Amino acid sequence: MMHSPLRLHSTDATGDMVIHLIATKGDIARIALPEALAAKLKEKVGKDELVYVIPSENGTTVVVKAKLEEETSYRNQAYRALGAKLCKLLNTDGATAATLLNTGVLNKDYVLQLCEGMALANYQFLTYRTGDKAKPNSLKELMVSDPSIAQDDLAEVTHLVAATCIARDLVNEPPATLTATELGKRVMALGTQNRFEVKVMGRKRIAELGMGGLLGVNKGSVEEPAFIVMDYRPDNAINSSPIVLVGKGVTYDTGGYDIKHGGNMRGMKCDMAGAAAVAGAISAVAANRLPVHVVGLVPATDNRIDGKATVADDVLLMMSGATVEVQNTDAEGRLVLADALHYAKQYAPELVIDLATLTGAAARITAHHGIGMSADKAPQKELLMKSGEEVYERMMEFPLWREFHDAIKSDVADIRNMGGAAGGNITAATFLHYFTDYPWIHLDIAGPSMMETESDYRLKGATGVGVRLLYRFMKNYSID
Ligand code: BES
Ligand code: MN
Ligand code: ZN
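Parameters and conventions
- Residues numbered from 1 in each chain as written.
- Chains lettered and ligands numbered in written order.
- Predicted model: local features only at pLDDT ≥ 70, side-chain atom pairs only at ≥ 80, totals over all residues.
- Heavy atoms only, no water.
- Helix = DSSP H or I, 4+ residues; strand = E, 2+ residues; numbered from the N terminus.
- Rg over C-alpha atoms; globule rule 2.2 N^0.38 Å.
- Buried < 20%, exposed > 50% of the residue type's maximum accessible area, 1.4 Å probe, protein only.
- Contact = heavy atoms within 4.5 Å.
- Areas by Shrake-Rupley, 256 points an atom, 1.4 Å probe, with all protein chains shown as cover.
- Lys, Arg positive; Asp, Glu negative; His and termini not counted.
- Charge placed at Lys NZ, Arg CZ, Asp CG, Glu CD.
- Donors = N, O, S within 2.8 Å, 3.2 Å for Na, K, Ca; no water.
- Tetrahedral: all angles 85-135°; square planar, octahedral: opposite > 155°, others 65-115°.
- Near = heavy atom within 4 Å.
- Polar contact = N/O pair within 3.5 Å; in protein donor to acceptor, adjacent residues only side chain to side chain.
- Nonpolar A, V, L, I, M, F, W, Y, C, P; charged D, E, K, R; others polar.

> Please clarify how the overall build of the protein should be interpreted in this entry.
In terms of helices and strands, the protein carries 14 helices and 21 strands. A compact globule built from 480 residues would reach a C-alpha radius of gyration of about 23 Å, and the protein, at 23 Å, matches this within 12%. Counting all 480 residues of the protein, 58% fall into the buried class. Considering only intrachain contacts with a sequence separation of at least 6, the fraction spanning at least 24 residues in the protein is 78%. Accessible surface, the protein as shown: approximately 19500 Å² in total, 50% of it carbon and sulfur. Both charge centroids of the protein, one from 50 positive and one from 58 negative side chains, sit 3 Å from each other.

> Explain the coordination of the manganese ion (ligand 2) to me, please; I cannot follow it from the model alone.
For a metal bound by four donors in a tetrahedral arrangement, the ideal donor-metal-donor angle is 109.5 degrees, while six donors in an octahedral arrangement ideally sit at 90 or 180 degrees. At 2.1 to 2.2 Å from the manganese ion (ligand 2) lie its protein donor atoms, namely D253 (OD), D330 (O), D330 (OD) and E332 (OE). Bound by six donor atoms, the manganese ion (ligand 2) shows angles of 73 to 170° at the metal and therefore irregular coordination geometry. Summarised as a motif, the one-chain spacing of the donors to the manganese ion (ligand 2) is D-x76-D-x1-E. For the pair the manganese ion (ligand 2) and the zinc ion (ligand 3), the metal-to-metal distance amounts to 3.1 Å, and D253 bridges them. Take D330: its relative accessible area is 23%, and that puts it in the partly exposed class.

> Sorry if this is basic, but what is going on with the site of ligand 1 here?
Taken together, 14 residues sit near ligand 1, with K260, D271, D330, E332 and G360 positioned nearest. Here a nitrogen atom of ligand 1 sits 3.4 Å away from a polar atom, N or O, in the main chain of L358. Within the backbone of G360, one N or O atom sits 2.7 Å away from an oxygen atom of ligand 1. Counted by class, the shell around ligand 1 contains three nonpolar, four polar and seven charged residues.

> Just checking my understanding: could you explain the coordination of the zinc ion (ligand 3) for this structure?
The protein atoms that coordinate the zinc ion (ligand 3) are K248 (NZ), D253 (OD), D271 (OD) and E332 (OE), at distances of 2.0 to 2.4 Å. Around the zinc ion (ligand 3), the six donor atoms are arranged such that angles at the metal cover 78 to 176°; this shape is classified as octahedral. All donor residues of the zinc ion (ligand 3) come from one chain, and their arrangement in sequence is K-x4-D-x17-D-x60-E.

Dropping the structure here:
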């Protein structure tokens, strides 16, 4: 499924296309490229990008690239960006393999970030391309010659990038193919591949459980809903109750009868990016055998219209027993998530993190640069935020001020699914909060889930946001 993966190997030999890493001097990263490649790079980038080509003692040409910031997270990111640039350059050049040579001057972490940036930038979604446009990248292999980097370090990066690309594939897939049922099948395959358990419930079981939110959104669809449960439970898990990840799995959001117009529907295949992040993150955690018990929950359906579709003024009976007055059929994410958040209670979870392309309001605040976050009773929030800085999937906290609860009061039911004109991101989080009673962190990824223009290793289309964040969090948590 994944396209153009870059295989990473450790080596002590050097191949043809050798890239010398010459550490950092002051705030500048230095790498040395073969002469011809360096000339091409100089041709391609603008003067403002700070590229100098100077002769070096390696018989190659030293390219001084990327002004590096003092702050660690920016510095890490500069190496990933540099990796992305290198990857694109090598592909333009038709190179099939390259060797990164570090004689110990550059910190191991920076080298791994460079590799990660290269591998993430080598992604392509070619399923629906034909002819010339279906041409895969030439670059297939990256050798890393560095005494401090072991094959295991590179395997970890390879697994993590592969999992991120799995999430990208799921989001990029058109809605006609990626139905809720198909999403269930693909997650099932990921479970077999990476050794975690997957159970997929269909309409009948969903109805027995009384998931009125998921059924209400699904009512106008010709496709069956699905409720997907993933369980990765290693024998050496350090947590006795699981960390539960919940991902919004709206395979397509037309808005329902409150239909999206003026071009706002375009791109709404991204509305299962939360689900993709959860499936990708658990795949990465399982592939790298982290000692953490993690459960994943995905309520999946498309949001469409027909003669039976839910309309504004309908009242839904949720799995929790609460009633919800639908006031806007386009506020469907919170309806499907509410049932999943209630379902999570049976695990007595250590922590629940939900990821959802939930509101345009959050996207207008963070743009594609960050994630909107709200939290309750979760001491793990600091570690998650630190992990976000490390992988450059940063978070911005939105408060759960109690005044916002008034915004979702209903005249006929317990609550309603929309609030006032302002603070839509907070009203949505407040709605979800109503269905939780455990340590909880909500992540609104509406901003960073898709790119309209490419930026470093985030190419046009799906980004796979959340996978690297959650993996890093689980890893930090497992060694904390
Ligand atoms: N899926 C959308 C949110 C979204 C917007 C995701 C832009 C990605 C990019 C969500 O279901 C939605 O439609 N939210 C509404 C809520 C409103 C009707 C209360 C919104 O944000 O406008
Ligand atoms: Mn919507
Ligand atoms: Zn939506």
